Amino acid sequence: MADLKSVPVLVPVGFHAAARAALQERFDVRDLTETGLDGLSPAERQEIRAIASFGNVSAAMMDALPGLQIIGSFGVGYDSVDAAHAAAKGIMVTNTPDVLTEEVADTALGLLLMTVRELPQAERHLRAGLWEAKGPYPLTTGTLRGRTAGIMGLGRIGMAIARRLEAFGVGIAYYNRRRRDDVAYEYHDTLEGLAGAVDTLIIAAPGGASTDKAVDARVLEALGPDGILINIGRGTTVDEPALIAALAAGTIKTAGLDVFEKEPHVPQALIDLPNAVLLPHVGSASLHTRAAMGQLVVDNVTAFFSGRDVLTPVPECAKAGVPLHA
Ligand code: NAP
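The structure presented is a predicted model; accordingly, all values stated were derived computationally and were not measured.

Cut-offs applied
Residues numbered from 1 in each chain as written. Predicted model: local features only at pLDDT ≥ 70, side-chain atom pairs only at ≥ 80, totals over all residues. Heavy atoms only, no water. Buried < 20%, exposed > 50% of the residue type's maximum accessible area, 1.4 Å probe, protein only. Helix = DSSP H or I, 4+ residues; strand = E, 2+ residues; numbered from the N terminus. Pairing = 2+ DSSP bridges. Right-handed = clockwise from strand over helix to strand, strands pointing away. Salt bridge = Lys/Arg side-chain N within 4 Å of Asp/Glu carboxyl O. Core = buried A, V, L, I, M, F, W, Y, C linked by side-chain atoms within 4.5 Å. Phe/Tyr/Trp six-rings, centres within 6.5 Å; stacked < 30°, edge-to-face > 60°. Axes fitted to C-alpha atoms, helices over the stretch in contact; angles between N-to-C directions. Contact = heavy atoms within 4.5 Å. 1 Å grid on protein atoms, 1.4 Å probe; cavity = no way out; pocket = protein on both sides within 12 Å on 5 of 7 lines; lining within 4 Å. Points joined across faces, edges and corners; volume = space filled by probe spheres on them. Nonpolar A, V, L, I, M, F, W, Y, C, P; charged D, E, K, R; others polar. Parallel < 35°, antiparallel > 145°, perpendicular 65-115°, else oblique. Left-handed = near helix turned anticlockwise from the far one by under 90°. Near = heavy atom within 4 Å. Polar contact = N/O pair within 3.5 Å; in protein donor to acceptor, adjacent residues only side chain to side chain.

**Notes on the pairing of strand β10 (residues 228-231)**
Thinking step 1. Side chains Ile-228 and Ile-230 project from β10 onto one buried face, and the interleaved Leu-229 and Asn-231 project onto a second face that is buried too.
Thinking step 2. Pairing between strand β9 (residues 200-203) and β10: four bridges, direction parallel. Opposite Thr-200, over in β10, you have Ile-228 as the bridge partner.
Thinking step 3. In this region the chain leaves β9, passes through helix α10 (residues 217-223) and returns to the parallel neighbour β10; the handedness of that crossover is right-handed.

In structure tokens, the structure reads:
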């Protein structure tokens, strides 16, 4: 078993505090500051064997760290890590699936209810004193009653959303690249086909090239004027200018978004739209769930250097046969 204290682990400043402390207790933690790798001398770069990451780990960054063996990514989505490059170089990448699934599904349902029943707008009405001064908030034209939801990305989070939607009496259909043989929900083999068959489209798919701007003008057109778009996946999956145009023109009814193309920037045109509910990427953002995610990063990196298999390798590395421990 490796002497963990001799293993240099690069940890970004601002990383989950308890996870950083746990890594610091076991490993030789080095700071990754805003200056990136420029903040490390060439000799220090040679030494790094692991990165704990919540952001971008590019191919160039991996290539600049010749001793790198594992990237412990914080989050289930790892579109900001070039996992294909890592796998090709024999570098392990781990993510944090499962521990955040229920929290994110809760957020998705909250966002859907907020959006369809205009709950943030109604709350603003009360806080502005309008209830007393002018009367009740108007009846909402939207309701969850009688709706059918189409889920793009019926994976761990998508399934947890589907389970909740069943309890709400909402019909369910889905689009994945592959049909699941363990569910009876109606399957569509194109996103446009799914959007045309439902009135509520929920995005729970990963980001990255395969989903880039998949929700485009044609998909929004297919969703139609009573349509609701909920995005809990990644902002890059939606063509944001096309969505803004569709909301402004009434091509779809309303949208609830937790994720955006260029976070933390949110286009002013989106902020100005009255028929959009916008959350600052809070899907998994509870102390409880973030602690579990941080612990899983620590457990993966610790297992790797202790001769035990990592717990949650990403599929690219598992498929490529990247060693599960050092
Ligand atoms: P998962 O279990 O891997 O599920 C992903 C699903 O998406 C799978 O069913 C997959 O099916 C489908 N999919 C993948 N690529 C696709 C494509 N190009 N077109 C259509 N469907 C595709 O992952 P998860 O744990 O549910 O997480 C899903 C995503 O949620 C993450 O990747 C992340 O981006 C996002 N997320 C957001 C938050 C937040 O705070 N808002 C928090 C956590 C996660 P096929 O392989 O058959 O296509």
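After that view, the rundown keeps rolling.
**Considerations on the pattern of salt bridges**
Thinking step 1. Taken as a whole and judged by the stated rule, the model has 14 salt bridges.
Thinking step 2. Ionic pairing is found between Arg-164 and Glu-102, a salt bridge with its closest N-O pair at 2.8 Å. Pair noted here: Arg-164 is in helix α8 (residues 156-167) and Glu-102 is in helix α5 (residues 101-116), with a separation of 62 residues, a long-range link.
Thinking step 3. Here Arg-164 falls in the buried class, since its relative accessible area comes to 18%.
Thinking step 4. What makes Glu-102 partly exposed here is its relative accessible area of 36%.
Thinking step 5. Salt-bridge contacts for Arg-164 lead to Asp-106; the nearest nitrogen and oxygen are separated by 2.8 Å. Of this pair, Arg-164 sits in helix α8 while Asp-106 sits in helix α5, placing them 58 residues apart in sequence.
Thinking step 6. For Asp-106, a relative accessible area of 40% puts it in the partly exposed group.
Thinking step 7. Among the ionic contacts, a cluster of salt bridges with common partners joins Glu-102, Asp-106, Arg-163 and Arg-164.

**Some details on the nonpolar core**
Thinking step 1. The biggest cluster of nonpolar side chains holds 75 residues, and the ones touching the most others in it are Leu-10, Leu-23, Ile-151, Ile-161, Leu-165 and Phe-305.
Thinking step 2. The leading source of residues in this core is α5, at seven residues.
Thinking step 3. Among the nonpolar cores identified, the runner-up in size contains 29 residues, and Leu-229, Ala-246, Ile-252 and Leu-257 belong to it.

**Brief notes about the packing of aromatic side chains**
Thinking step 1. Considering all chains together, one arrives at five aromatic pairs under this definition.
Thinking step 2. With centroids separated by 5.8 Å and ring planes inclined at 15°, the aromatic side chains of Phe-15 and Phe-54 adopt a geometry described as stacked. Linking Phe-15 in the loop between β1 (8-12) and α1 (17-26) with Phe-54 in the loop between β3 (50-53) and α3 (59-63), this pair joins segments that are 39 residues apart in sequence.
Thinking step 3. For the pair Phe-304 and Phe-305, a centre-to-centre distance of 5.0 Å together with 85° between the ring planes defines the contact as edge-to-face. Side by side, Phe-304 and Phe-305 carry an identical accessibility label, which is buried.

**A word on the sheet that holds β1**
Thinking step 1. Pairing is parallel in the open sheet, where five strands are placed in the order β2-β1-β3-β4-β5. Since the sheet does not close on itself, it has two edges, and those belong to β2 (28-32) and β5 (92-94), each with one partner. On average, each strand axis in the sheet is inclined to that of its neighbour by 20°, with strand direction left out of account.
Thinking step 2. The pairing of β3 with strand β4 (residues 70-73) spans four bridges and is classified as parallel. By the bridge assignment, Ser-53 is partnered in β4 with Ser-73.
Thinking step 3. Each of β1, β2 and β3 touches α1; the most contacted strand, β2, lies at about 135° to it.
Thinking step 4. Relative to β4, helix α13 (residues 287-305) is tilted by about 160°, and along the sheet it contacts β3, β4 and β5.

**Describing the layout of surface pockets**
Thinking step 1. Within this model, the second largest pocket holds a volume of roughly 180 Å³.
Thinking step 2. Taken together, Met-114, Pro-120, Gln-121, Arg-124, Leu-270, Ile-271, Leu-273, Pro-274, Ala-276, Val-277, Leu-278 and Leu-279 make up the lining of the second largest pocket.
Thinking step 3. Among the residues making up the lining of the second largest pocket, the classes are represented as 10 nonpolar, one polar and one charged.

**What to know about unusual backbone geometry**
Excluding glycine, residues mostly have negative phi values, and the peptide bonds linking residues are mostly trans.
Thinking step 1. With an omega dihedral of 5°, the bond running from Glu-263 to Pro-264 counts as a cis peptide bond.
Thinking step 2. Relative to the elements of secondary structure, Pro-264 occurs in the loop between β11 (254-257) and α12 (268-271).
Thinking step 3. Backbone geometry places Asp-98, a non-glycine residue, at a positive phi of 70°.
Thinking step 4. Among the secondary structure elements, Asp-98 is positioned in the loop between β5 and α5.

**Looking at the packing of α5 against α8**
Thinking step 1. For the pair α5 and α8, the least separation of the axes is 8 Å and the interaxial angle reads 50°. Considering their axes alone, α5 and α8 lie oblique with respect to each other. Remark: the crossing between α5 and α8 carries right-handed chirality. Side by side, α5 and α8 meet where Thr-101, Glu-102, Val-104, Ala-105, Asp-106, Ala-108, Leu-109 and Leu-112 of the first sit next to Arg-156, Ile-157, Ala-160, Ile-161, Arg-163, Arg-164 and Leu-165 of the second.
Thinking step 2. Of the residues assigned to the contact of α5 with α8, the class counts are nine nonpolar, one polar and five charged.

**Remarks on the site of the ligand**
Thinking step 1. Around the ligand lies a shell of 27 residues, among which Ile-157, Arg-177, Arg-178, Ser-210 and Asp-258 are the nearest.
Thinking step 2. Taking Ile-232, its main chain carries an N or O atom lying 2.9 Å from a nitrogen atom of the ligand.
Thinking step 3. Take Gly-283: an N or O atom from its main chain is 3.4 Å from an oxygen atom of the ligand.
Thinking step 4. Its residues assigned to classes, the shell around the ligand comprises 12 nonpolar, 10 polar and five charged.

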